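# Notes for the structure review
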Amino acid sequence: MSTATFRQNVTFPTDDGHGYGYLALPESGHGPGVIVIQEWWGLTDQIAGVVDRLAAAGFVALAPDLYGGRVTHNAADARKWMAELPLERGVARLSSAVDYLLASDAVTGDALGAVGYCMGGGFVVALAAAVGAKIAAAVSYYGVYAGDNPDFTGLRAAVQGHFGEYDTSVSPDAARQLATQLREQADNTMELHFYPAGHAFANEENRSGNYDPAHADLAWRRSIGFLRTALG
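Now for a look at the structure at hand. Values in this document were obtained by computation on a predicted structure and should not be read as measured data.

## Quick word on the pairing of strand E4 (residues 60-64)
- Across the five residues that make up E4, a large majority, five, are buried.
- Residues Val60, Leu62 and Pro64 line one face of E4 and the alternating positions Ala61 and Ala63 line the opposite face, and both faces are buried.
- Here strand E2 (residues 17-24) runs beside E4; their pairing, made up of four bridges, is antiparallel. Of the residues in E4, the one forming a bridge with glycine 21 is proline 64.
- Taken together, the three bridges between strand E3 (residues 31-37) and E4 define a ladder with parallel strand orientation. Within the sheet, the bridge partner assigned to isoleucine 35 lies in E4 and is leucine 62.
- With helix H1 (residues 45-56) bridging E3 and the parallel E4, this β-α-β connection has right-handed handedness.

Structure follows, in structure tokens:
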């Protein structure tokens, strides 16, 4: 188990009790809202850093804690915890976070953005399909929908994806298959970007050994532009 900083500063109601998360506001105190969805490691300092960077870019950003405070640097633990979180339960918790953020006086507009990494990159499209027009823009970093027989018919968001050409966990073919499913089920044209990089190339903690600063920066700039265009 990691000794990383315990990253929770807000509580919100969920169907099964209370959810927790890490929230950051822009300097202005208000702006478009963005949900940030964690990798399988938990709500780490790195994910909290994504929230802080979004706030610095003018967004009200919230990372819901899907593991209830548990954080690990051990892949076996992460794999186990992810397996213990069914997609439907995770989407339900994230949907509660969407409602909480939309109700915030700090959030402008009537729809949010969502950004997910790895495990969260799969959740982000499932979440957008589940909540419909509440999500206007969904950004997936090297993640695909992990469930069987996905139903994307409720998707209303613009979708952008960032994938590594050398990723052995989430292959370029898997990314293209996701794009095909979105097009067939929701008439949605996913904006796909591929980089000469491996899995988790945008994670500066570099657990996989694949961190690529140049391509991570390019993906980030594309993500910020995409969110600003969709959310105003």
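## Concerning the packing of helix H3 (residues 87-102) against helix H4 (residues 119-131)
- For the pair H3 and H4, the least separation of the axes is 9 Å and the interaxial angle reads 65°. Taken together, the axes of H3 and H4 are roughly perpendicular relative to one another. When you trace H3 past H4, the crossing you get is right-handed. Contacts between H3 and H4 involve Leu87, Gly90, Val91, Leu94, Ser95 and Val98 on the former and, on the latter, Phe123, Ala126, Leu127, Ala130 and Val131.
- Broken down by class, the residue content of the contact of H3 with H4 amounts to nine nonpolar, two polar and no charged.

How each quantity is defined
Residues numbered from 1 in each chain as written. Predicted model: local features only at pLDDT ≥ 70, side-chain atom pairs only at ≥ 80, totals over all residues. Heavy atoms only, no water. Buried < 20%, exposed > 50% of the residue type's maximum accessible area, 1.4 Å probe, protein only. Helix = DSSP H or I, 4+ residues; strand = E, 2+ residues; numbered from the N terminus. Pairing = 2+ DSSP bridges. Right-handed = clockwise from strand over helix to strand, strands pointing away. Axes fitted to C-alpha atoms, helices over the stretch in contact; angles between N-to-C directions. Parallel < 35°, antiparallel > 145°, perpendicular 65-115°, else oblique. Left-handed = near helix turned anticlockwise from the far one by under 90°. Contact = heavy atoms within 4.5 Å. Nonpolar A, V, L, I, M, F, W, Y, C, P; charged D, E, K, R; others polar.

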